[in-house]
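Structure assessment
So the chains spell out like this:
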Amino acid sequence: MFNKKKTSLPFSLISPDTEITGNIHCDGEIQIDGKVVGDLNVTQLIIGDSGIVEGNITAKQVQVRGQVQGGIRADSVTLEPSARVTGDIEHDTLTIQAGAHIQGQLNHRVEPSNVTPLDKASEV
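Because the structure is predicted, anything quoted here is derived from the model rather than measured.

1. Digging into the pattern of salt bridges
Under the defined criterion, the tally for this structure stands at four salt bridges. Between Arg109 and Asp92 there is a salt bridge, with its nearest N and O atoms 3.3 Å apart. With a gap of 17 residues between them, Arg109 in the loop between strand E13 (106-108) and helix H1 (118-121) and Asp92 in strand E11 (residues 89-96) connect regions that are remote in the sequence. Each of Asp75, Asp92 and Arg109 takes part in one network of salt bridges that share partners.

Structure (structure tokens):
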């Protein structure tokens, strides 16, 4: 009888004809099809085919189809075939599809509580 609204993260779009200079903070999802020169601190980020980010990215989830010139620090990073990343990527989960280009270091974050030392693992 009553419709229950599904709670979802707010969505923002930076269109292909838009260029933003400055840092962006977004607690929801943002898709960049234009150009951003500055650092991003977001929950979910999609960089579209025509999207360009010149700055560092901190997020929970990042999907890259366009270009990033800067570091990426995220729980989950997906690089699509058209992705071009120049910078280091620090991640928990990383997916790289064939064709993606990366120039930088890949650093897997390790949670010390999830690691069992080898000497203790052999005792089990």
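2. Considerations on the sheet that holds strand E12 (residues 101-103)
Spatially, E2-E4-E6-E8-E10-E12 is the arrangement adopted by the six strands of the open sheet, whose pairing is parallel. Edge positions in the sheet fall to strand E2 (19-21) and E12, since each of these pairs with one other strand and no more. For this sheet, the mean angle separating the axes of adjacent strands, direction not counted, is 5°. With three bridges joining them, strand E4 (residues 35-37) and strand E6 (residues 52-54) adopt parallel strand pairing. If you follow Val36 over to E6, its bridge partner there is Val53.

3. Digging into the pairing of strand E5 (residues 40-47)
In regular strands, side chains alternate between the two faces of the sheet. Within E5, six of the eight residues are buried, which leaves the element mostly enclosed by the surrounding structure. Summarising the sheet, strand E3 (residues 24-32) and E5 pair through seven bridges and their orientation is parallel. Bridging from a neighbouring strand, Ile32 pairs with Ile47 of E5. Inspection of the sheet shows E5 paired to strand E7 (residues 57-64) by six bridges, in the parallel sense. Bridging from a neighbouring strand, Gln44 pairs with Gln61 of E7.

4. As for the sheet that holds E13
What holds strands together in a sheet is hydrogen bonding between their backbones, with the strands either parallel or antiparallel. Strands sit in the order E1-E3-E5-E7-E9-E11-E13 across an open sheet of seven strands; the sheet is parallel. Of all strands in the sheet, those bounded by a partner on one side alone are strand E1 (11-14) and E13. Each strand axis lies, on average, 25° off the axis of its neighbour in the sheet, ignoring direction. As paired elements, E1 and E3 share four bridges and run parallel to each other. Directly across from Ile14, in E3, lies its bridge partner Ile32.

5. A few points about the side chain of Gln31
With respect to the secondary-structure elements, Gln31 resides in strand E3. Taking relative accessible area as the criterion, Gln31 reaches 17% and is therefore assigned buried. Contacts of Gln31, omitting those with residues within four sequence positions, involve Phe11, Ser12, Leu13, Ile14 and Ile46.

Reading guide: rules and limits
- Residues numbered from 1 in each chain as written.
- Predicted model: local features only at pLDDT ≥ 70, side-chain atom pairs only at ≥ 80, totals over all residues.
- Heavy atoms only, no water.
- Salt bridge = Lys/Arg side-chain N within 4 Å of Asp/Glu carboxyl O.
- Helix = DSSP H or I, 4+ residues; strand = E, 2+ residues; numbered from the N terminus.
- Pairing = 2+ DSSP bridges.
- Axes fitted to C-alpha atoms, helices over the stretch in contact; angles between N-to-C directions.
- Buried < 20%, exposed > 50% of the residue type's maximum accessible area, 1.4 Å probe, protein only.
- Contact = heavy atoms within 4.5 Å.

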